[in-house]
Amino acid sequence: SDIGSQKERVVTEEEWLQKWEMGNIGFHKEQGHPLLQKYLDVLLNGRSGLRIFFPLCGKAVEMKWLADMGHSVIGVEVSEQAVKDFFSEHSLPYCEEPVPEISGAKMFQSTSGNISLYCCSIYDLSSSIVGKFDGVWDRGALVAVNPRDRQRYASLMIDLVEKNSSYLLVTVSYDPNKHKGPPFYVPESEVKSLFG
Ligand code: SAH
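Residues numbered from 1 in each chain as written. Predicted model: local features only at pLDDT ≥ 70, side-chain atom pairs only at ≥ 80, totals over all residues. Heavy atoms only, no water.

Asker: Whenever I open this one, the site of the ligand confuses me. Can you help?
Answerer: Residues in close proximity to the ligand total 15 residues, the closest being W20, L56, E77, I122 and R139. Here V78 contributes a backbone N or O atom positioned 3.2 Å from a nitrogen atom of the ligand. Separating a nitrogen atom of the ligand from a backbone N or O atom of R139 is a distance of 2.7 Å. The residue inventory of the shell around the ligand, partitioned by class, reads nine nonpolar, three polar and three charged. (Near = heavy atom within 4 Å. Polar contact = N/O pair within 3.5 Å; in protein donor to acceptor, adjacent residues only side chain to side chain. Nonpolar A, V, L, I, M, F, W, Y, C, P; charged D, E, K, R; others polar.)

Asker: I keep staring at the environment of P98 and nothing clicks. Help me out?
Answerer: Structurally, P98 is set in strand β3 (residues 94-98). Residue classification places P98 among the exposed positions, given a relative accessible area of 65%. Linking P98 and Y118, residues 20 residues apart in sequence, is a C-alpha distance of 9.5 Å. Each residue touching P98, except ones within four places of it in the same chain, is listed here: A105 and K106. (Helix = DSSP H or I, 4+ residues; strand = E, 2+ residues; numbered from the N terminus. Buried < 20%, exposed > 50% of the residue type's maximum accessible area, 1.4 Å probe, protein only. Contact = heavy atoms within 4.5 Å.)

Asker: I'm lost on the nonpolar core in this one. Help?
Answerer: A general tendency of soluble globular proteins is for nonpolar side chains to be buried together. One finds F53, Y118, I122 and L125 to be the most contacted residues of the largest nonpolar core, which totals 28 residues. Every element with two or more residues in this core is listed here: β2 (72-77), α7 (127-130), β6 (133-139), α8 (150-160) and α9 (188-195). Setting aside residues up to four positions removed in sequence, I122 forms contacts with F53, P55, L56, V76, Y153, L156 and M157. With 24 residues, the next largest nonpolar core counts L36, L50, W137 and V170 among its residues. (Core = buried A, V, L, I, M, F, W, Y, C linked by side-chain atoms within 4.5 Å.)

Asker: Teacher, can you tell me more about the packing of aromatic side chains here?
Answerer: Geometrically, a pair of aromatic rings is defined through the distance of the ring centres and the angle of the planes. Throughout the structure, instances matching the rule amount to eight aromatic pairs. Consider the rings of W16 and F27, whose centres lie 5.9 Å apart with planes at 70 degrees: the pair is edge-to-face. Placement of W16 in helix α2 (residues 13-22) and of F27 in the loop between α2 and α3 (34-38) is noted, with a sequence separation of eleven residues between them. F27 sits in the partly exposed class, given a relative accessible area of 30%. Note on Y94 and F108: the rings are 5.9 Å apart at their centroids and 50 degrees apart in plane angle, and the pair reads as tilted. (Phe/Tyr/Trp six-rings, centres within 6.5 Å; stacked < 30°, edge-to-face > 60°.)

Asker: I tried to follow unusual backbone geometry on my own but got confused; where do I start?
Answerer: Most of the time, phi is negative for any residue but glycine, and the peptide bond is trans. With a phi close to 50 degrees, N45 is a non-glycine residue in the positive phi region. Tracing the backbone shows N45 in the loop between α4 (40-44) and β1 (51-54). A positive phi angle, near 45 degrees, is found at L56, a position not held by glycine. Within the element layout of this structure, L56 appears in the loop between β1 and α5 (62-68).

Asker: Would you mind showing me how to read the sheet that holds β3 here?
Answerer: Pairing between sheet strands relies on hydrogen bonds along the backbone, with the strands arranged either parallel or antiparallel. Read from one edge to the other, the open sheet built from seven strands follows the order β3-β4-β5-β2-β1-β6-β7, with strand pairing classed as mixed. Every interior strand has two partners, whereas the edge strands, β3 and β7 (161-170), have only one. Across this sheet, the average inter-strand angle for adjacent strands is 20 degrees, counted without regard to direction. Pairing of strand β4 (residues 106-110) with strand β5 (residues 115-119), which is carried by four bridges, proceeds in the antiparallel orientation. The residue bridging M107 from the neighbouring strand is Y118, located in β5. Across the sheet, α8 lies against β1, β6 and β7, angled at about 135 degrees from β7, the strand it touches most. (Pairing = 2+ DSSP bridges. Axes fitted to C-alpha atoms, helices over the stretch in contact; angles between N-to-C directions.)

Here is the structure:
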């Protein structure tokens, strides 16, 4: 089986920045994800004014969508280009400030205050810096994390969510012996062992 060989594979932050620079961002979709639409009620569970987290957010259009519904959206993304593209493509004015707790990190916030995107590695975040979230939209995040970092990623996510939160995780079911990815292959058994 090839699953083993994926385990060693590493995509560096530098490589991600290059993908953004070269426009190799086939993962970005202009249309909102149909599964978010479908499972929106599971995410919101009748609640309003939630804090919703987008790990490894890219310039996901669903952030605008949830913000327009009255929720606070917080994202994290290593590529400053992605973050700036997000705001400019939606014609959203924003301001930019350093994050005192994280050296080199910046926080980009819409002037209206309801979208805050941290430009740094997700591993720099903790609940003491960003607080806890009521909901998570994980599309192209767990499956983009290097296999060796999955446990660390899952532990962090568990630290970042409130007790009564909902976590929507998009995975792709495929035969890892036929397709190399990306994204990485995350078997359902591993999702269960990571998140319990
Ligand atoms: N969730 C987005 C993007 C998925 S692609 C969407 O649905 O379109 C994964 C993104 O994670 C890329 O934009 C990449 O630049 C970013 N990324 C990769 N490693 C990261 C890390 N350690 N911390 C923060 N962002 C990261």
